[in-house]
Amino acid sequence: MKRLYTLVFLLFILAACSKSEEEPTPTEADTISLITTSATPGQFVFAQAGKAVTVTETTMINVAGIDVRAVAADDNQLMFLMPAVPSGKATVDFSGAGFQKQAEITVGNYATITNTDAVAAQFTNEIGEIATRLEAHMNDADIQLDARYITVLNEQRQVMEENFAKLSAEEKLQVAYFFRSNMPNDEDFILNTGKPESNLRTTGTTSGEDVGEELVSTAKSFGRNVVKAIPFTYAGFKLILLPSPWLVDKVAAAGFLTAGFVYSLHALSDLKKVSSLTGVLEEITGAERMAGPTAGEILFYKDKVKLLSVKASFRNLNQSDKNSTVSEIASLFTYVTKFQDLYDKTVSIANKVKSWFPTSGTDIPAYANPIGAKPLVKEYALPGSKLSIKNVSDPAIQLAATTAESGMNVTAKSATITQDKAFSFDIVYTDTKLEKALTKKINATFKAYKEGVTVAGGNGAIWGNEGFINPKGIFVDASNNIYVADTENNRVQKWAPGATSGVTVAGGGPPMSEISSPTNIFVDATGNLYIVEGNLRVVKWAPGAMSGTTIIDPVDGLVNDIFVDKAGNVYVADSDNRRVQKWAPGATSGVTVASGDNEFRSPIGVFVDDNDNLYVLDNVTDYVTKWAPGASSGTRVVTVNAMFEVTDIFVDKNGTIYISDSYYDQVLAYVPGDSEGYTVAGGKSGSGPDQLSYPSSIYVDSKYIYIADTHNQRVQRWDK
């Protein structure tokens, strides 16, 4: 008669260890039926009785003529190890357990073990590989698995290696079938070392696992590993209770301990990881790049895509979650309770094995539940796949959202709104796995396409004072007088507010001195006019003067743009030499204040803000770089689409950067903190009030955007 070894087992893991999950309902108390209907030698078989089962050490179940020891499990269940019987149908006789009942079990096809030593070596080698895999768990910052666990595992491996050889051939065969049927795979213990920098487990994809999903998936992994560990641990626990265990009992107990221990350690790693994950959503806190006139407000430009990166606060699990109504979290805490019992039994087995075998001497560390009492709160960006937009306050505004790499791409449309309109909408985040949905109200402004107003020229290409020929440079003074560099008329005109014609204030011929092809201009606080003449020199005209004074000439390069700061320093965009120079009042040479081949190919626009920060626009790289006073390098703050032909830059008091784009006949605005530019004027080529044709110079005040609409021979004013 073969002597086989069994274990008790909890009801909640029976189906996981059996080939069939059909559980017949007994109709009478003395009935018994198989839960496991198919097995191979070395696998666990479970049976459900209709009444409580009394089992002793002599209780046997006969399987195909072989008596095997029966063990009582929970909830009126029996279990035994499948003996080595021929494949096919086999009869299970329960009379030895007090039930006059037989059942049929299918013995699956299996290969007869002819080399038990090779099977044992494969099992112990796999344990060694798992011990190596667990070193990564030991070094992981969130898990920090105690090194003593790996020492215990290696000691149990050594116990099996040293004592398996001492067993009889029949005992070796029994243990070998168990080893082969329950062989762990070291690849199941590879640690996923991906660390989310944001909420995404896999960054850069729309399908990346977010923190909430990672918490759920890791919690499920914890439960699965607890389920895997329990039968082996309980089997070993039963063996250590035998009053006079044989050597094969002791080796089997070490084998059960080892098989269960590896899954317990995986479960412990999972639980430590779960405790570290801030995956429980608390509230939506706001969104990145939400910049507008009012804090927390977002600007939507008609028909333009806006990337919303919505943020939320998350916390990790704590003991208060024991009573959670979320099924996944409630299930986790159920397994946490069972894991405590599992761990206690593991320690008992290990201590008994230590008393049997001197090789096994290391104590298993005391268990401490890693789920603490207080939560840790972090903020993450939410995945666009779980976000939606609802409850737009204005029915005339339609918001269309699509999933983006790091949020949502939202487009605002309206067929009827022609002026800027404040509105609100709700962002909804839905996490089905954690059974939670949160809503955040967002205030926004719909920026409608507007029509420009002609404030100078617009009468075609003419010589008279009512118009221009290809005006390029403009400036607006504190009294709203508009200065225009009328390039091909070789003059600068001044247009008073509401005037229908201009007054020549520089060039244009007698009685004034002539100038040649003025391209850019600047007017300082005292009314001095600075003129870039023919892209070669800078001339300064005092108010009411008949001639100007050359202040920068010759320039060893090409002057594209100028800016005069409050101290009278003139900044020159020198495209030929890929630099910006600063000329002090009265200086005969300039000092380079910005340069660099990586940033500059052809600097075409310069601007200096009230804090003396220098902004440089490059026409080839399409970068805007910001240079702090005295800095040796700049910071790239805007990258314009490389197809654009940029011509000028202006920075308003709020830090919004405006860029004229003559290729697409538009002016773009870049709000601070927002890398996306939006069309604030034009975008359509033509001569209509909502169109532009080769916009060049721009000027922006608190209310308006002024544009030199060069090919339409006019200056247009657009509301901001």
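Keep in mind that this is a model prediction, so the values were computed, not measured.

## Notes on the overall build of the chain
So, point 1. Tallying secondary structure elements over the chain gives six helices and 42 strands in all.
So, point 2. Relative to the 2.2 N^0.38 estimate, which gives 27 Å for 720 residues, the radius of gyration of the chain is 40 Å and therefore markedly larger than a compact globule would have.
So, point 3. Along the first, second and third principal axes, the C-alpha set of the chain runs to 130 × 55 × 45 Å.
So, point 4. Counting across all 720 residues of the chain, residues that qualify as buried make up 54%.
So, point 5. Partitioning the intrachain contacts of the chain with sequence separation of at least 6 by distance along the chain shows that 57% fall at a separation of at least 24.
So, point 6. Total accessible area on the chain is roughly 30000 Å²; 47% of this is exposed by carbon and sulfur atoms.
So, point 7. Counting 63 positive and 82 negative side-chain charges, the chain places the centres of these two groups 4 Å from one another.

## What about the pairing of strand 42 (residues 714-719)?
Looking along a regular strand, one sees side chains alternate from face to face of the sheet.
So, point 1. Where strand 19 (residues 453-457) and strand 42 come together, four bridges link them in antiparallel fashion. Its bridge partner lying in strand 42, Val 453 is registered against Arg 717.
So, point 2. In the sheet, strand 41 (residues 704-709) pairs with strand 42 via six bridges, with the strands oriented antiparallel. Looking across to strand 42, one finds that Ile 707 is bridged to Gln 716.
So, point 3. Linking strand 41 back to strand 42 in an antiparallel pair, the connection comprises four residues, with Gln 713 at a positive phi of about 55°.

## Observations regarding the environment of Asp 665
So, point 1. For Asp 665, the position within the fold is in the loop between strand 37 (657-661) and strand 38 (666-670).
So, point 2. For the pair formed by Asp 665 and Ser 385, sequence separation is 280 residues and the distance between their alpha carbons is 36 Å.

## Focus on the pairing of strand 7 (residues 77-81)
So, point 1. Counting buried residues along strand 7, five of its five residues qualify, which places the element largely inside the surrounding structure.
So, point 2. Pairing geometry for strand 3 (residues 44-49) and strand 7, over five bridges, is antiparallel. Directly across from Ala 47, in strand 7, lies its bridge partner Leu 78.

## Notes on the nonpolar core
So, point 1. Formed by 82 residues in total, the largest nonpolar core has its most connected members in Phe 179, Phe 222, Phe 256, Leu 332 and Phe 339.
So, point 2. If you list the elements that add at least two residues to this core, you get strand 3, strand 7, helix 1 (116-139), helix 2 (147-164), helix 3 (169-181), helix 4 (211-240), helix 5 (247-276) and helix 6 (327-356).
So, point 3. Of all the elements, helix 5 adds the most residues to this core, at 16 residues.
So, point 4. Phe 475, Val 572, Val 646 and Tyr 678 belong to the second-largest nonpolar core, a separate cluster that totals 79 residues.

## Some points on helix 3
An α-helix turns once every 3.6 residues. As a result, residues three or four positions apart point the same way.
So, point 1. Taking 1.5 Å per residue as the helical rise, helix 3 with its 13 residues ought to reach 18 Å, and the 18 Å between its terminal C-alpha atoms agrees with that figure.
So, point 2. Three or more residues of helix 3 are buried, namely Glu 171, Lys 172, Gln 174, Val 175, Ala 176, Tyr 177, Phe 178 and Phe 179.
So, point 3. Residues of helix 3 that are buried in the fold lie against strand 3, helix 1, helix 2, helix 4 and helix 5.

About the cut-offs
Residues numbered from 1 in each chain as written. Predicted model: local features only at pLDDT ≥ 70, side-chain atom pairs only at ≥ 80, totals over all residues. Heavy atoms only, no water. Helix = DSSP H or I, 4+ residues; strand = E, 2+ residues; numbered from the N terminus. Rg over C-alpha atoms; globule rule 2.2 N^0.38 Å. Buried < 20%, exposed > 50% of the residue type's maximum accessible area, 1.4 Å probe, protein only. Contact = heavy atoms within 4.5 Å. Areas by Shrake-Rupley, 256 points an atom, 1.4 Å probe, with all protein chains shown as cover. Lys, Arg positive; Asp, Glu negative; His and termini not counted. Charge placed at Lys NZ, Arg CZ, Asp CG, Glu CD. Pairing = 2+ DSSP bridges. Core = buried A, V, L, I, M, F, W, Y, C linked by side-chain atoms within 4.5 Å. Expected span 1.5 Å × (residues − 1).

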